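# A structural walkthrough
Here are the chains, one letter per residue:
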Amino acid sequence: MKQLDCILRLSNKFARLPGVGAKTAQRYAYSVIDMTPEEVDDFCNALHEVKTQVRYCTVCGNFTDKEVCDVCARRDKSVICVVAYPKDVLALERVSGYRGVYHVLHGTLSPLEGRGPDALRIKELLARLDNGVEEVILATNTDVEGEATAMYLARLIKPLGVKVSRIAQGISMGSELEYADEVTLLKALEARTTL
């Protein structure tokens, strides 16, 4: 039996989302069919609200529904934590110990994918450093692109007299040493702290 065109179109739309394969997309489409008309309207309204109300903070580049996000409006501006994506801000905010502000690059350097310094929000970061910033924490991922981005930013920022630090890397809490790879163990040793 041939699938109805409208179901196939909806499945194809869901499949375009990151991490959603063909079977999951098809399940999502069939779930929509099982919704009440009110639930479908609410779902559509939520999509429309996200698209029309969410924008980038004019200061840090994080998602907000205002011109300046709440973090930039209320936090200590002397410390900036640089992350690659808005989702990284959410991860760091779960810790609830950080009281500074953020700067979202919207990517990392990746010459193979054609992403150079001009494709990221690096100029905006450098412009923020004139306003009493004492420290920049580089919190990009520890993959090749994240490391390259952190090193590039450190070389740009250090000559400006601003302290540059990198988040610690190594063994995660609750893991066992015997299962850690060599690079992770090396990073853990290098990032050790005095007790």
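The structure under discussion appears in the preceding block.
In short, a report on the structure. (Residues numbered from 1 in each chain as written. Predicted model: local features only at pLDDT ≥ 70, side-chain atom pairs only at ≥ 80, totals over all residues. Heavy atoms only, no water.)

## Quick look at the layout of surface pockets
Over the atoms, a rolled probe matching the size of one water molecule traces out where space is still vacant. In this structure, the largest pocket spans a volume of roughly 250 Å³. Lining the largest pocket are 15 residues, and of these E147, R166, I167, Q169 and K187 lie nearest its centre. Those elements that provide at least two residues to the lining of the largest pocket are α7 (144-157), β6 (163-166) and α8 (182-190). Ranked by residues supplied to the lining of the largest pocket, first place goes to α7 with four residues. Residues that form the lining of the largest pocket fall into these classes: eight nonpolar, two polar and five charged. Approximately 220 Å³ is the volume found for the second largest pocket. Lining the second largest pocket we find L10, K13, F14, L17, V32, V40, F43, C44 and L47. For the lining of the second largest pocket, the elements supplying multiple residues, two or more each, are α1 (5-15) and α3 (37-53). (1 Å grid on protein atoms, 1.4 Å probe; cavity = no way out; pocket = protein on both sides within 12 Å on 5 of 7 lines; lining within 4 Å. Points joined across faces, edges and corners; volume = space filled by probe spheres on them. Helix = DSSP H or I, 4+ residues; strand = E, 2+ residues; numbered from the N terminus. Nonpolar A, V, L, I, M, F, W, Y, C, P; charged D, E, K, R; others polar.)

## Points about a negative patch on the surface
Together, E38, E39, D41 and D42 make up a negatively charged patch on the protein surface. Summarising the element assignment, E39 is placed in helix α3. The class of E39 is partly exposed, set by a relative accessible area of 41%. (Patch = residues over 30% accessible without salt bridge, like charges linked within 9 Å, V, L, I, M, F, W, Y side chains within 5 Å. Areas by Shrake-Rupley, 256 points an atom, 1.4 Å probe, with all protein chains shown as cover. Salt bridge = Lys/Arg side-chain N within 4 Å of Asp/Glu carboxyl O. Lys, Arg positive; Asp, Glu negative; His and termini not counted. Charge placed at Lys NZ, Arg CZ, Asp CG, Glu CD. Buried < 20%, exposed > 50% of the residue type's maximum accessible area, 1.4 Å probe, protein only.)

## Brief notes about the sheet that holds β6
Pairing within the open sheet is parallel, and its four strands lie in the order β4-β3-β5-β6. Sheet topology places β4 (100-104) and β6 at the edges, where each strand pairs with a single neighbour. Strand after strand, the sheet turns through a mean of 25° between neighbouring axes, direction not considered. Looking at chain direction, strand β3 (residues 76-83) and strand β5 (residues 135-138) are connected through four bridges and run parallel. Along β5, the bridge assignment pairs V79 with E135. Relative to the sheet, helix α5 (residues 86-93) contacts β3 and β4, its axis offset from that of β4 by approximately 155°. (Pairing = 2+ DSSP bridges. Axes fitted to C-alpha atoms, helices over the stretch in contact; angles between N-to-C directions. Contact = heavy atoms within 4.5 Å.)

## Things to note about α7
Taking 1.5 Å as the rise per residue, α7 with 14 residues should run 20 Å; its terminal C-alpha atoms sit 20 Å apart, in good agreement. Among all positions in α7, only G146, E147, T149, A150, L153, A154 and I157 are buried. The buried side chains of α7 occupy one side of the element, clustering within an arc of 160° when seen end-on. Of the exposed residues in α7, those oriented more than 90 degrees away from the buried face are V144 and R155. Residues of α7 that are buried in the fold lie against β3, α6 (122-128), β5, β6 and α8. (Expected span 1.5 Å × (residues − 1). Arc of directions from axis to C-beta.)

## Remarks on the packing of aromatic side chains
In total, this model carries four aromatic pairs according to the counting rule given. Here Y56 and F63 contribute two aromatic rings whose centre-to-centre distance is 5.7 Å and whose plane-to-plane angle is 15°, an arrangement assigned as stacked. Judged by relative accessible area, Y56 falls into the partly exposed class, the value being 49%. The structure contains a cluster of three or more aromatic residues connected by ring pairs, namely F14, Y28 and F43. Taking the ring centre of Y85 as reference, the NZ or CZ of K87 above it sits at 5.6 Å. (Phe/Tyr/Trp six-rings, centres within 6.5 Å; stacked < 30°, edge-to-face > 60°. Lys NZ or Arg CZ within 6 Å of the ring centre and 35° of its normal.)

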